[in-house]
Amino acid sequence: MRNPYRKLLDSSWPRLAELSWRRLENPSHGDLPKWLEIIDALDEGDGYCRLDRAAPVLGRPAADLPALRRRLLGLHPWRKGPLELGGIGIDTEWRSDWKWERLRPHLDVRGQRVLDVGCGNGYFGLRMLACGAELVVGIDPTMVFVMQWLAMQKLCPGLNNFVLPLGIEDLPPATTGFDSVFSMGVLYHRRDPVEHLERLKSLARPGGVIVLETLVLEGRERQVLKPPGRYARMRNVHAVPGLAVLQDWLEKAGLTGAALIDVSKTTTDEQRSTDWMTFESLRECLDAKNPALTVEGHPAPTRAMLLIPVDQQDRIRATSGN
């Protein structure tokens, strides 16, 4: 396999490219040989794409569509999308285009270099490129999502949208300078949410912006849910805050001026099982008799989206408070 991060070596973050290639060269996941065989079997595209649509198009229609469909299904589960790859429509678990449409009127990424923490297969990076972003660097340690990105790169090479097999804890301390830093669906998985917010701030340049999307407790401003077990059958959900508590966390991280741009209940139309993600999804995680609750009896998922400016004074306050 050729190094898919060579182009990123010429950016401001060559160390990230080196770390990512090393992770791919020395994998620990047992399914990696199978996944790489699938990617090797894909025909390399000529760069044809149509990104400014709900299901971005990557690659021209394949000569053998059934064979391509079988190969892409071999990279199951497909969670973020929808997508159209080589003429094959991929109906992913999430209608991520709905989330993007909630955000798009509020954010201008033209000419920006963006970091997307927990990016999955890079779907949102494609939408950012369509809106004029210069470069999108996504990080996600889940290897099958990196493989899905590699498949997209094979079908449509050359896009400045990268998915690195790294977690935020893998980023070197000197990593910084992004115009926008996205963290969507990550905060509630972190044991220390304030520390996560501080790290996001350190990754952005002064004058940049953090895009934060997370679970919240609607109507319970000063409460925090700390599930003793699972939340909606998800592991590692450590804390779901009310909006006032979330604001407190931001202030402790030295972030001020956050704008709340959306609060939406997650529905079973937006997140559901499909042929491309056959595992259980939101419907199975809600109380069958009362869908306002999860199967564990917690409030059903509601998500808030915020834009948070990062300025020099924020950095000064955070440094003096540590």
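A short tour of the structure in this document, coming up. Because the structure is predicted, anything quoted here is derived from the model rather than measured. (Residues numbered from 1 in each chain as written. Predicted model: local features only at pLDDT ≥ 70, side-chain atom pairs only at ≥ 80, totals over all residues. Heavy atoms only, no water.)

## What about the sheet that holds strand β14 (residues 259-265)?
Here comes step 1: Read from one edge of the open sheet, seven strands run β9-β8-β7-β10-β11-β15-β14, paired in mixed fashion. Sheet topology places β9 (161-164) and β14 at the edges, where each strand pairs with a single neighbour. Going from strand to strand, the sheet's axes swing by 15° on average, the running direction of each strand aside.
Here comes step 2: Taken together, the eight bridges between strand β11 (residues 204-215) and strand β15 (residues 302-310) define a ladder with antiparallel strand orientation. By the bridge assignment, Glu 213 is partnered in β15 with Met 305.
Here comes step 3: Taken strand by strand, helix α7 (residues 193-203) contacts β7 (113-117), β10 (178-184), β11 and β15, and its axis lies near 145° from that of β11. (Pairing = 2+ DSSP bridges. Helix = DSSP H or I, 4+ residues; strand = E, 2+ residues; numbered from the N terminus. Axes fitted to C-alpha atoms, helices over the stretch in contact; angles between N-to-C directions. Contact = heavy atoms within 4.5 Å.)

## Some words on the packing of helix α4 (residues 96-103) against helix α5 (residues 123-130)
The relative placement of two packed helices comes down to the angle between their axes together with the axis-to-axis distance.
Here comes step 1: Viewed as axis vectors pointing N to C, α4 and α5 meet at an angle of 45°, and their least axial separation amounts to 11 Å. With respect to α5, the axis of α4 lies oblique. The crossing of α4 and α5 is right-handed. Residue-level inspection shows Ser 96, Asp 97, Lys 99, Trp 100 and Glu 101 of α4 in contact with α5, the latter providing Tyr 123, Phe 124, Arg 127 and Met 128.
Here comes step 2: The residue inventory of the contact of α4 with α5, partitioned by class, reads four nonpolar, one polar and four charged. (Parallel < 35°, antiparallel > 145°, perpendicular 65-115°, else oblique. Left-handed = near helix turned anticlockwise from the far one by under 90°. Nonpolar A, V, L, I, M, F, W, Y, C, P; charged D, E, K, R; others polar.)

## Here's the deal with the sheet that holds strand β5 (residues 88-90)
Here comes step 1: Taken in spatial order, the four strands of this open sheet run β1-β2-β4-β5, and their pairing is mixed. The sheet terminates laterally at β1 (49-50) and β5, the two strands that pair on one side only.
Here comes step 2: By the bridge criterion, three bridges tie strand β4 (residues 83-85) to β5 in an arrangement that is antiparallel. The residue bridging Leu 85 from the neighbouring strand is Ile 88, located in β5.

## As for α4
Here comes step 1: Residues of α4 that are buried include every one of Ser 96, Asp 97, Lys 99, Trp 100 and Leu 103, and no others. Projected onto a plane normal to the axis of α4, the buried residues spread over an arc of 155° and lie on a single side. (Buried < 20%, exposed > 50% of the residue type's maximum accessible area, 1.4 Å probe, protein only. Arc of directions from axis to C-beta.)

## Focus: the pattern of salt bridges
Pairs can form between side chains of opposite charge whenever their charged atoms are close.
Here comes step 1: One pass over the structure, following the stated rule, counts 19 salt bridges.
Here comes step 2: For Asp 52, the salt bridge identified is with Arg 104, shortest N-O distance 3.3 Å. With a gap of 52 residues between them, Asp 52 in the loop between β1 and β2 (57-58) and Arg 104 in the loop between α4 and β7 connect regions that are remote in the sequence.
Here comes step 3: Measuring nitrogen to oxygen at the nearest pair gives 2.7 Å for the salt bridge that ties Asp 91 to Arg 272. Here Arg 272 lies in the loop between β14 and α9 (282-285) and Asp 91 lies in the loop between β5 and β6 (94-95), a separation of 181 residues in the sequence.
Here comes step 4: One network of salt bridges, in which partners are shared, links Asp 52, Glu 101, Arg 104 and Arg 127. (Salt bridge = Lys/Arg side-chain N within 4 Å of Asp/Glu carboxyl O.)

## A closer look at unusual backbone geometry
Here comes step 1: The step from His 76 to Pro 77 runs through a cis peptide bond, and the omega angle for that step is 5°.
Here comes step 2: Tracing the chain through its elements places Pro 77 in the loop between α3 (65-73) and β3 (80-81).
Here comes step 3: For the bond from Gly 81 to Pro 82, the omega torsion is 15°, close enough to zero to count as cis.
Here comes step 4: Here Pro 82 is to be found in the loop between β3 and β4.
Here comes step 5: You will see that Ala 232, though not glycine, has its phi angle at about 50°, which is positive.
Here comes step 6: As for its position among the elements, Ala 232 is in the loop between β12 (224-225) and β13 (240-241).
Here comes step 7: With a phi angle near 60°, Asn 236 is a residue other than glycine that sits in the positive phi range.
Here comes step 8: Locating Asn 236 in the fold gives a position in the loop between β12 and β13.

Interpretation in functional terms is not warranted from these geometric data alone.
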